[in-house]
Amino acid sequence: MTAMSPARMWRPLTGLLLAQGSALTANRILLVALPWLVLTSTGSPAATGLIATCQVVPFVVVQALSGPLLDRVNARAVSVAGDLASAAAIAILTVPGNPPMWMLCLIAVVIGTADGPATAAKAVLVPAATAATGQPLERGTGLTTAVERAATAAGPALAGLLISTHGVQATLRLAATLLALAALTAVVIPARRRRAAAGAGYLRELREGANFLHGDLSLRAIVAMIVASNFIDQAFLTVLLPVWARDHGLGAELVGLAISAFATASVGTALLSAWIGNRLPRRYTYLIGFTISGVSRLVVLACGAPATVVLSVFAVAGLGSGLVNPIISAYTYERIPVALHGRVNTLITAWAWSGIPFGGLAGAAMLSAAGLTTSLWCCSAAYLVAVLRPGWRVQWHTQRSRAPAPAPAAVPEPASV
């Protein structure tokens, strides 16, 4: 048999990274462009908040419900269809004129509904694309994390620049083009094999994924940590950090610079994790990385450090985040049987997002009740407790990627296409 060339071996993972990078950059551009379009066309802050809700809620709900679909059919096809649907919806917004509010809300719902399954499908494809290269799973998760952080750092900045120089319509056209590019580059990703037709209904398959997640103590500990940390992060980034900047005579630019420093630094260590992540001790890397990435940002503000120190600490925190997230992603892929990847991963993502809508409200309530410094110290302690719990609850060195599902009769093995 002729040996496969290195370029051909890396083609599936390269295609996935390009598709993911294009789609994520488009989504980050929309975070700025879509609210700005609504604000400039309606002049209503309430309408601007409504449009964000119309996009985020379907994204979370449909992604949580799409797990059985991803396990039943070709995940690559779901990714392509979702990206094309989002691109078509965004293209409608590029037509000259001011669309009515109901149309803006409807388009936002379509974008969120399409992005949910498409994003989940790309995540499900990571193990297969990485295996095709013959590389350890940490290499694939490290590279995908680096792409995600780079898109997070570049997308909003690019949107702001384009809106100020070429207008919101041109910015939306770029987002639609990037999503179409994501759909085109996804064709080189290996398609996950479809399962044989199952007798179980859709709701029963959803329940099987939920039962597996509930029965795995290690995964439950990680999910609980993610829910808690995302909740605290939302309170911190949307309320506590802006208030701290205002109270110290600083402007919104400090908030933007701090978040950009965090995201940019995390790209470097995500690439480092892709290089040597499979050789790092998972338990200690997790504990050190998450303590640095989460707790340090809160403590430096609670101590009243100057702006230069705050930015430096945020950059160091980004280094910890970029190092540990690929390891957690690789671990979750290993714990979940292949036949359940779609259902369990989408449920994990849904849980991860579950506390985000309430984080800002909790931050505001805490600020009113206890003041800024006390709130920051309380959040620091809560973050530390949330991070430490998986340190001893998770079986970090147990790999279960080939473990059977709890109810094997109801989860058939994948069948060849």
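Residues numbered from 1 in each chain as written. Predicted model: local features only at pLDDT ≥ 70, side-chain atom pairs only at ≥ 80, totals over all residues. Heavy atoms only, no water.

**Q** What is the right way to read the packing of aromatic side chains from this model?
**A** Where two aromatic rings form a pair, the distance of their centres and the angle of their planes describe that pair. Going through the model one piece at a time under the given rule, you end up with three aromatic pairs. With a centroid separation of 5.5 Å and an interplanar angle of 65°, the aromatic rings of tyrosine 286 and phenylalanine 290 are classed as edge-to-face. Taken together, the positions of tyrosine 286 and phenylalanine 290, both in helix α11 (residues 282-302) and four residues apart, correspond to about one turn of that helix. Overall, the relative accessible area of 9% leaves phenylalanine 290 in the buried class. Above the face of the phenylalanine 262 ring, arginine 297 is positioned so that its terminal group lies 4.8 Å from the ring centre. (Phe/Tyr/Trp six-rings, centres within 6.5 Å; stacked < 30°, edge-to-face > 60°. Helix = DSSP H or I, 4+ residues; strand = E, 2+ residues; numbered from the N terminus. Buried < 20%, exposed > 50% of the residue type's maximum accessible area, 1.4 Å probe, protein only. Lys NZ or Arg CZ within 6 Å of the ring centre and 35° of its normal.)

**Q** Looking at this model, I keep getting lost on the UniProt feature "transmembrane region" (unreviewed entry) in the protein chain. Mind explaining?
**A** UniProt records the feature "transmembrane region" (unreviewed entry) for residues 44-65, 170-189, 221-245, 257-277, 284-307, 313-333, 345-368 and 374-392 in the present numbering. Regarding residues 313-333, the helix share stands at 100% and the strand share at 0%, and the terminal C-alpha atoms are separated by 31 Å. Its end C-alpha atoms 37 Å apart, residues 345-368 is made of 96% helix and 0% strand. (UniProt positions renumbered as here; feature names shortened; annotations may be inferred.)

**Q** Help me out: how do you make sense of the packing of helix α9 (residues 217-247) against α11 in this one?
**A** Each packed pair of helices is defined by two parameters, the angle between the axes and the distance between the axes. Two numbers describe how α9 lies on α11: the axes approach to 10 Å, and their chain directions differ by 25°. The angle between α9 and α11 falls in the class roughly parallel. By crossing handedness, the relation of α9 to α11 is classed as left-handed. Between α9 and α11, the contacting residues are Met225, Ile232, Asp233, Phe236, Leu237, Leu241 and Trp244 on the first element and Tyr286, Phe290, Arg297, Leu298 and Leu301 on the second. The residue makeup of the contact of α9 with α11, split by class, is ten nonpolar, no polar and two charged. (Axes fitted to C-alpha atoms, helices over the stretch in contact; angles between N-to-C directions. Parallel < 35°, antiparallel > 145°, perpendicular 65-115°, else oblique. Left-handed = near helix turned anticlockwise from the far one by under 90°. Contact = heavy atoms within 4.5 Å. Nonpolar A, V, L, I, M, F, W, Y, C, P; charged D, E, K, R; others polar.)

**Q** What am I meant to see in helix α6 (residues 137-166) here?
**A** Residue pairs three or four apart in sequence face the same way in an α-helix, which turns once every 3.6 residues. Look at α6: 41 Å from first C-alpha to last across 30 residues, which is about the 44 Å you get at 1.5 Å a residue. Following α6 by one or two positions, glycine 167 adopts a phi angle in the positive range, close to 95°. (Expected span 1.5 Å × (residues − 1).)

**Q** Mind showing me how you'd approach the packing of α11 against helix α15 (residues 372-393) here?
**A** For the pair α11 and α15, the least separation of the axes is 8 Å and the interaxial angle reads 175°. By the angle between their directions, the pair α11 and α15 is classed as roughly antiparallel. For the contact of α11 with α15, a count of residues per class yields 18 nonpolar, five polar and two charged.

**Q** Help me understand the pattern of salt bridges, please; the structure alone is not making it clear to me.
**A** Side chains that differ in sign of charge can pair as their charged atoms come close. Across all of its chains, the model carries twelve salt bridges by this definition. Across the pair aspartate 71 and arginine 343 runs a salt bridge whose closest N-O atoms are separated by 2.8 Å. With aspartate 71 in helix α3 (residues 67-72) and arginine 343 in helix α13 (residues 341-354), this pair connects stretches of sequence that are 272 residues apart. As far as the burial class goes, aspartate 71 and arginine 343 line up, both buried. (Salt bridge = Lys/Arg side-chain N within 4 Å of Asp/Glu carboxyl O.)

**Q** How should I be thinking about a nonpolar patch on the surface in this particular structure?
**A** A surface patch of nonpolar side chains, about 470 Å² in accessible area, is lined by Tyr284, Ile288, Ile292, Val316 and Leu319. Broken down by secondary-structure element, the contributors of at least two residues to the nonpolar patch are α11 and α12 (307-335). Looking at the nonpolar patch, the element that brings in the most residues is α11, giving three residues. Note on placement: isoleucine 288 falls in helix α11. (Patch = residues over 30% accessible without salt bridge, like charges linked within 9 Å, V, L, I, M, F, W, Y side chains within 5 Å. Areas by Shrake-Rupley, 256 points an atom, 1.4 Å probe, with all protein chains shown as cover.)

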